[in-house]
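The primary structure of each chain is shown beneath.
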Amino acid sequence: VTGVVARAELLSSIFFLAAFFAYVKATKAKQTDWTYLLATLLLSTVALLCKEQGIMVLTVCIVYEICVVLKIRLQDIPHMLDMVINSSSSAFTHSLREASRRIITLVVFKLFLIVMRLKIMNGQLPTFTKFDNPSAVAPTPVRYMTYNYLLAVNAWLLLFPHNLCCDWTMGTIPCLESALDPRHLATVGFYLSFLKLARVASFRTRHATVVLMSLAIIVFPFLPASNLFFPVGFVIAERTLYTPSMGFCILVAYGWNILLQKSSHKKMLWIGLLFLMLMHASKTLTRNLDWESEYSIFMASLRVNQRNAKLYNNVGHTLENVGKYEEALQYFHQASAVQPDDVTAYINMGRLYNNLKMYEEAESTFSKAKDLLPKPRPGESYYTKIAPHYLTVFTNLASLISKNDSRLEEADALYLQVIRMRADYTHAYINRGDILIKMNRTKEAQEIYETALRYDSRNPDIYYNLGVVSWEQGRATEALAYLNKALEFDPDHKEALMNSAILIQETGNAGMRKTAHQRLLRMIEKGHGNEKVYLNLGMLAIDDNDLENAERWLRKAVQAQEDFRSALYNLALLLSHKKKPLEAAPFLHQLLKNHPDHIKGLILLGDIYVNNIRDLDAAEQCYRRVLAFDSNHIQGHHNFCVIYVERGDLEAAEQCFVRAVSMAPHVDYIKHHLQTVRRILEQKRLAGPSYNNPYHITEMDKELPMS
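Looking up the protein in an unreviewed UniProt entry gives the name dolichyl-phosphate-mannose--protein mannosyltransferase, with the organism given as Strigamia maritima. Under Function (unreviewed entry), UniProt gives the following word-for-word description of the protein: "Transfers mannosyl residues to the hydroxyl group of serine or threonine residues."

Right, here's the structure in full:
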């Protein structure tokens, strides 16, 4: 509020005043100064762009033209018409002609701005709910009784700004549902005071001009926020009183000046004015303390107003953001107690239950929120203009349900319901596509994402998901094109950066390795560096035969996640290839401690035990574990046979290789090793007891590829 909305009000007020001052200068001479008039039009446009009520400065200028420049009052109208008809005053006729030109210019330009503003909004007013402004949906008598009472409340806030609140929506001010409600007295008092001022302004009196322009600056900028012409998204908004407060200040200053001239107690008047200014200054200081943080402003508002569920929700949000979930949950429950049909409170409770992994409570709460939404009428399709925030009821519930793979169809139905309710809600398309991918309906997922592009052609998430679908379907080139498109709209899209780099690596496109490398480095620069990024940088370095950098990145991946399966194995394998088997062994032990079923790790560790450490018993244990996990593992069988060779038990080795060949008759190196063992046995038989076996595992080992 302080960062955006209030600044918009301030800017609108500044350009409002600037436009008005420019118009005053445009009317100073007998002839219109069109330079200043054009400046008025330009500045009023800027005021409108800051805040809609800025356009009302053109109406204030028209009032100034009629009542100050032409000095017309109600009692002057018959005389003025007589002068125009009879042309009895050429000077007045000339002034009236110039004034008419200016007024017509202002009216035409104001109509132009209104048309353009409506065009930007596609001819539709914003969507508000009964929670934003309950009086807007109340029955006709109640609605207008409440609207008129709210005028009195706004006037009281200007006169005595004591109980201030950052949010006046929902049940802050209950509707006036009875003609006997005592609050009607405030409405009557407001209108009597206003009519008294209007009477002073309407006739030619000494105070008329000041009172008239003060009322114009109070009334016209406030009209767009008054609910009298169209409903707005709040009951009261203190910020909408900023521009009207200028006119109010003029009235106060002028009234005090009149008292000063008439009173014999001038010293008391000065003391009173000083006291008033000190009180307002101290209120400003204390209010600044209220605005110190989100928590302090919402708690300060709750001290003033305990009927607004949104305030309880906002306090809950601030507590949730700092991890005080139990306290936050209490405030969300309080919000639902204050306003039992508040969908937002149930959304907040459901989200918090989900974060606390209380999934049954979360689903129950989201279901309650869903039940509070508008129901379709019998025989009619379910279409309603609903705020996107409320659609999160369906998306959150679907996301929760989709955690259970057996309920994916149910989740899909919820997303489909959201799309039927609001066809332009792209978030539902994206999530439904994810569900369809889980159900292996990639073709439908692709169609869903393509439909979402029609509503949001610049959404990087949609292009990313299309890339994932194309990748799933084996269309690598198309997938990379979509991922590149996602990065075109969001160069820091971390999922697209990561997966495009992986895709480049997997396709073996040597010409794009540099691009993949740059994208992974960009992730690190943006603070998204993690074990997967380091792993893929290491694998790219291996592809480029840059083994030193490969080792560095793989070590960083292991440091980032000590049980990272792929990083541990590939680092050990790299060290083994670099003739550093003893450095590789600790990483293999770390791998097998966290992933005891890692067969390739067991094979590699067994080979190191045989070739480097010469611990055949430990190697045998590795190979036995491999065969325990997969009794048909060919390389495990082969290496187990080699243990017999290393121990010199060639007969057992021959039998072992025979079994291995029967399991994999098309694997040439096993048949070759069987022939080698049989040749050794034949040589041993011919040579007798003096024969010495010259063969070791270095001749019989099968080298493992990088993973």
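We are not done yet, so read on.
S.K.: Where do I start with helix α13 (residues 325-338) in this structure?
M.R.: For α13, with 14 residues, the first-to-last C-alpha span of 20 Å sits near the 20 Å given by 1.5 Å per residue. Restricting attention to buried positions, one finds in α13 the residues A328, L329, F332, A335 and S336. Looking down the long axis of α13, one finds its buried residues gathered within 115° of arc, a one-sided arrangement. Those residues of α13 that are exposed and angled more than 90 degrees off the buried face are E326, Q330 and A337. Where α13 is buried, its residues contact α12 (309-321) and α14 (343-355).

S.K.: Can you walk me through the nonpolar core in this structure?
M.R.: One broad trend across soluble globular proteins is that nonpolar side chains are buried collectively. In terms of nonpolar packing, the biggest core is built from 190 residues, with F20, L58, L106, I173, I236, L588 and F657 touching the most fellow members. Looking at which element gives the most residues to this core, the answer is helix α3 (residues 57-69), with 9 residues. What I236 contacts, discounting residues up to four positions off in sequence, is L150, V153, N154, L157, W168 and I173.

S.K.: In this structure, what is going on with the state of the cysteines? I would like to understand it.
M.R.: By definition, a disulfide links two cysteine residues through a covalent bond between their sulfur atoms. Taken as a whole and assessed by the stated rule, the structure comprises 1 disulfide. The residue that forms a disulfide with C641 is C656, at a sulfur-sulfur distance of 2.0 Å. The chirality of the disulfide connecting C641 with C656 is left-handed, given an S-S dihedral of about -80°. On the criterion of sequence distance, the pair formed by C641 in helix α30 (residues 634-647) and C656 in helix α31 (residues 650-663) is long-range, its members being 15 residues apart. Of the two residues examined, C641 and C656, each falls in the buried class. As a non-bridged cysteine, C50 has C61 as the owner of its nearest cysteine sulfur, 16 Å distant. With no disulfide of its own, C166 lies closest to C165 among cysteine sulfurs, the gap being 5.2 Å.

S.K.: Would you take a moment to explain the UniProt feature "repeat: TPR" (unreviewed entry) in the protein for this structure?
M.R.: Those places that UniProt annotates as "repeat: TPR" (unreviewed entry) correspond, in this numbering, to residues 309-342, 343-376, 426-459, 460-493 and 531-564. End C-alpha to end C-alpha, residues 309-342 measures 8 Å, and it is 79% helix and 0% strand. Structurally, residues 460-493 is divided into 79% helix and 0% strand, and its ends, taken at the C-alpha atoms, are 8 Å apart.

S.K.: Help me out: how do you make sense of a nonpolar patch on the surface in this one?
M.R.: A contiguous nonpolar surface patch, about 320 Å² in accessible area, is contributed by V107, L111, I114 and L118. You can see L111 is positioned in helix α5 (residues 90-120).

S.K.: Help me understand the side chain of R519 in this model?
M.R.: You can see R519 is positioned in helix α23 (residues 513-525). Comment: no salt bridge for buried R519; closest opposite-charge side chain is E488, at 9.5 Å. At a separation of 3.0 Å, a polar atom in the side chain of R519 contacts the side chain of S500. Once residues within four sequence positions are removed from consideration, R519 is found in contact with L480, N484, L487, L497, S500 and I504.

S.K.: Before we go on, may I ask you to explain the packing of helix α29 (residues 616-629) against α30 in this structure?
M.R.: Angle between the axes and distance between the axes are the two parameters that describe a pair of packed helices. Following both chains from N to C, one finds α29 and α30 inclined at 155°, their axes separated by 9 Å at the closest point. Relative to α30, α29 is oriented roughly antiparallel. Where α29 crosses over α30, the two elements pack in a sense that is left-handed. Residue-level inspection shows L616, D617, A619, E620, Y623, R624, V626 and L627 of α29 in contact with α30, the latter providing G636, H637, N639, F640, I643, E646 and R647. When the residues that make up the contact of α29 with α30 are grouped by side-chain class, the tally is 7 nonpolar, 3 polar and 5 charged.

S.K.: Where do I start with the packing of aromatic side chains in this structure?
M.R.: Any pair of aromatic rings gets described here by the distance separating the centres and the angle formed by the planes. Following the criterion strictly, the structure yields 13 aromatic pairs and no others. Seen in terms of ring centroids, F640 and Y644 are 5.4 Å apart; in terms of plane orientation they differ by 85°. Their pairing is edge-to-face. With F640 and Y644 both in helix α30 and 4 residues apart, the pair spans about one turn of that helix. Classification of F640 as buried rests on a relative accessible area of 10%.

S.K.: Please explain the layout of surface pockets as it appears in this structure.
M.R.: Empty space among the atoms becomes visible once a probe the size of a water molecule is rolled across them. Of the pockets and cavities examined, the second largest pocket occupies roughly 710 Å³. In terms of lining residues, the second largest pocket is bounded by 26 residues, among which L151, A155, F190, F194 and I218 are the most central. For the lining of the second largest pocket, the secondary-structure elements that each account for two or more residues are α6 (140-159), α7 (184-202), α8 (208-222) and α9 (242-262). When its residues are assigned to classes, the lining of the second largest pocket shows 22 nonpolar, 4 polar and no charged.

S.K.: Would you take a moment to explain the pattern of salt bridges for this structure?
M.R.: A side chain with one charge may pair with a side chain of the opposite charge, provided their charged atoms come close. Counted under the stated rule, the structure contains 32 salt bridges. The shortest N-O distance in the salt bridge between E444 and R441 comes to 2.9 Å. Counted as one network, the salt bridges with shared partners bring together E548, E551, R555, K578, K580 and E583.

S.K.: Would you take a moment to explain the confidence of the model for the protein for this structure?
M.R.: Low-confidence regions, as indicated by low pLDDT, have predicted coordinates that should not be scrutinised in detail. Summarising the model, the protein shows a mean pLDDT of 88, and 91% of its residues fall at 70 or more. Mean pLDDT across the elements of the protein ranges from a minimum in helix α33 (residues 697-700), with 42, to a maximum in helix α2 (residues 34-50), with 95. Taken together, the stretch residues 697-707 has pLDDT below 50 and engages in 42 contacts with residues farther than four places along the chain or on a different chain.

S.K.: Looking at this structure, I do not really get unusual backbone geometry. What am I missing?
M.R.: Excluding glycine, residues mostly carry a negative phi; peptide bonds, for their part, are mostly trans. The phi dihedral of K357 is positive, around 60°, even though this residue is not glycine. Along the polypeptide, K357 turns up in the loop between α14 and α15 (359-372). The exposure class of K357 is exposed, given its relative accessible area of 61%. Positive phi, normally seen in glycine, also occurs at N545, with a value near 60°.

S.K.: So what exactly am I meant to see when it comes to the packing of α7 against α8 here?
M.R.: It is the contact of α7 with α8, at a shortest axis distance of 8 Å, that shows an interaxial angle of 130°. Viewed along their axes, α7 and α8 adopt a mutual orientation that is oblique. Of the two possible hands of crossing, α7 and α8 adopt the one that is left-handed. Residue-level contacts link F194, L197, A198, V200 and A201 of α7 to A208, V211, L212, L215 and V219 of α8. In terms of residue class, the contact of α7 with α8 is built from 10 nonpolar, no polar and no charged.

S.K.: Looking at this structure, I do not really get empty space enclosed by the protein. What am I missing?
M.R.: Tallied over the full model, the rule gives 1 cavity of 30 Å³ or more. Lining the largest cavity, in full, are Y147, L150, L151, N154, F222, A225, S226, N227 and V235. Sort the elements by how many residues they give to the lining of the largest cavity and α6 lands first, with 4 residues. Looking at the lining of the largest cavity residue by residue, the class counts come to 6 nonpolar, 3 polar and no charged.

S.K.: Please clarify how α2 should be interpreted in this entry.
M.R.: Structurally, the α-helix is built with 3.6 residues per turn, so residues lying three or four positions apart point the same way. Taking 1.5 Å as the rise per residue, α2 with 17 residues should run 24 Å; its terminal C-alpha atoms sit 24 Å apart, in good agreement. Residues of α2 that are buried include every one of L37, T40, L41, L43, S44, A47 and L48, and no others. N-capping of α2 is provided by D33, with a side-chain oxygen placed 3.2 Å from the backbone N of T35.

Cut-offs applied
Residues numbered from 1 in each chain as written. Predicted model: local features only at pLDDT ≥ 70, side-chain atom pairs only at ≥ 80, totals over all residues. Heavy atoms only, no water. UniProt positions renumbered as here; feature names shortened; annotations may be inferred. Helix = DSSP H or I, 4+ residues; strand = E, 2+ residues; numbered from the N terminus. Expected span 1.5 Å × (residues − 1). Buried < 20%, exposed > 50% of the residue type's maximum accessible area, 1.4 Å probe, protein only. Arc of directions from axis to C-beta. Contact = heavy atoms within 4.5 Å. Core = buried A, V, L, I, M, F, W, Y, C linked by side-chain atoms within 4.5 Å. Disulfide = S-S within 2.5 Å. Patch = residues over 30% accessible without salt bridge, like charges linked within 9 Å, V, L, I, M, F, W, Y side chains within 5 Å. Areas by Shrake-Rupley, 256 points an atom, 1.4 Å probe, with all protein chains shown as cover. Salt bridge = Lys/Arg side-chain N within 4 Å of Asp/Glu carboxyl O. Lys, Arg positive; Asp, Glu negative; His and termini not counted. Polar contact = N/O pair within 3.5 Å; in protein donor to acceptor, adjacent residues only side chain to side chain. Axes fitted to C-alpha atoms, helices over the stretch in contact; angles between N-to-C directions. Parallel < 35°, antiparallel > 145°, perpendicular 65-115°, else oblique. Left-handed = near helix turned anticlockwise from the far one by under 90°. Nonpolar A, V, L, I, M, F, W, Y, C, P; charged D, E, K, R; others polar. Phe/Tyr/Trp six-rings, centres within 6.5 Å; stacked < 30°, edge-to-face > 60°. 1 Å grid on protein atoms, 1.4 Å probe; cavity = no way out; pocket = protein on both sides within 12 Å on 5 of 7 lines; lining within 4 Å. Points joined across faces, edges and corners; volume = space filled by probe spheres on them. pLDDT = per-residue confidence, 0-100.

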